[in-house]
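Spelled out, the chains give:
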Amino acid sequence: MKIATYNIMSGGFGNYSSSIPKTPERLPLLKQALKTIGADFLGLVDTFHWRSTFLPEDLQKIFDYRCAFCIDLEDLDKDHPDRRFGGVAFLTNLPVEKFSTVRLKTRNCLKTRMTWGDRALLDVFTVYFTDLDENTRLEQARTLLSEVDQQVPTILLGDFNTLPPQEVQQTKERFELFLHSNPTIDKNTLPYLSTYAKELSRAEVVPLILSAGFQDVAKKEPAPTAFTPSHPLKLPLFARIDYIFCSSDLKVKTTEVLKGRLFDKTSDHYPLLAEID
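The rules behind each value
Residues numbered from 1 in each chain as written. Predicted model: local features only at pLDDT ≥ 70, side-chain atom pairs only at ≥ 80, totals over all residues. Heavy atoms only, no water. Helix = DSSP H or I, 4+ residues; strand = E, 2+ residues; numbered from the N terminus. Pairing = 2+ DSSP bridges. Axes fitted to C-alpha atoms, helices over the stretch in contact; angles between N-to-C directions. Contact = heavy atoms within 4.5 Å. Disulfide = S-S within 2.5 Å. Buried < 20%, exposed > 50% of the residue type's maximum accessible area, 1.4 Å probe, protein only.

## Quick notes on unusual backbone geometry
Phe-227 follows Ala-226 through a cis peptide bond whose omega is 10 degrees. The topology assignment puts Phe-227 in the loop between strand S9 (214–216) and strand S10 (242–247).

And the structure:
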């Protein structure tokens, strides 16, 4: 069974403006990208304004999936539209028992309960953790873990906006090289970038999730998922912040970060694909 997570940057729209067209400008690219990924199910992150733009049946038809659902994050930070109207979505060809919204302290995540194989249950949580504060991410992670049914195989996937401890030094070096190579970078963005990098480097969320019995599917072959040439600030490919975590009763066969010209243009993140049994 192939599963994937993909941060699609502003829902495929050109920006996070409140004045958006009827359909995302990058929708044709997204359709092609998801077809190329070919997952049995996947979680989409940063589905900006999708809940007000698409019905579930629209998403099913557009992306050719049996079931689909999307929710708004409803983040407490209402001053930033990308957080207030951001969202996550889930597309699947497996039978769905229920979609439900789970509150993770400051924002929502999407839980999908499905059946697979011999009609066994499978829970998947699609998450988009906050970007600037590891303490908030820790709160979100603890709440997420408290929602896990220990009797049901479970997958946690999405953009966790955090690093594994063993990759902190290499990520710092990549980021510092970028700053050194771009001395004319907009000074207004430096405080954001500095805070982002500092909080990423605390790297406390992944160990917490692993301590709860989950496995990082890409641990043996880690590769950065962010950022592509489409990033608005032209940040380099320097960080692994998108994850798929599986409970110990699931077997991971292969993992891959999908790259290429299509994915360079579609979003500022590359999708992570895994095959599990």
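## Thoughts on the sheet that holds strand S1 (residues 2–7)
Taken together, 6 strands build an open sheet; the order of strands is S3-S4-S2-S1-S12-S11 and the sheet is mixed. Only two strands of the sheet have a single partner each, and these edge strands are strand S3 (67–72) and strand S11 (252–257). Taken pair by pair, the neighbouring strands of this sheet meet at an average axis angle of 10 degrees, ignoring direction. Its contacts with the sheet put helix H1 (residues 27–37) on S1, strand S2 (41–45), strand S4 (87–92) and strand S12 (272–276), and the angle it makes with S1 is roughly 150 degrees. Sheet strands in contact with helix H3 (residues 56–63) are S3 and S4, and its direction is about 125 degrees off that of S3.

## Some details on the environment of Ser-201
Relative to the helices and strands, Ser-201 is located in the loop between helix H7 (190–200) and helix H8 (205–211). Along the backbone, Ser-201 and Gln-169 are 32 residues apart, and their C-alpha atoms lie at a distance of 8.2 Å. Each residue touching Ser-201, except ones within four places of it in the same chain, is listed here: Leu-163, Val-168 and Lys-172.

## Points about the state of the cysteines
Applying the stated criterion across every chain yields a total of 0 disulfides. Between Cys-109, a free cysteine, and Cys-70, which holds the nearest cysteine sulfur, the sulfur-to-sulfur gap is 14 Å. Unpaired in terms of disulfides, Cys-246 finds its nearest cysteine sulfur in Cys-109, a separation of 16 Å. In this structure Cys-246 comes out as buried when scored by relative accessible area, which is 0%.

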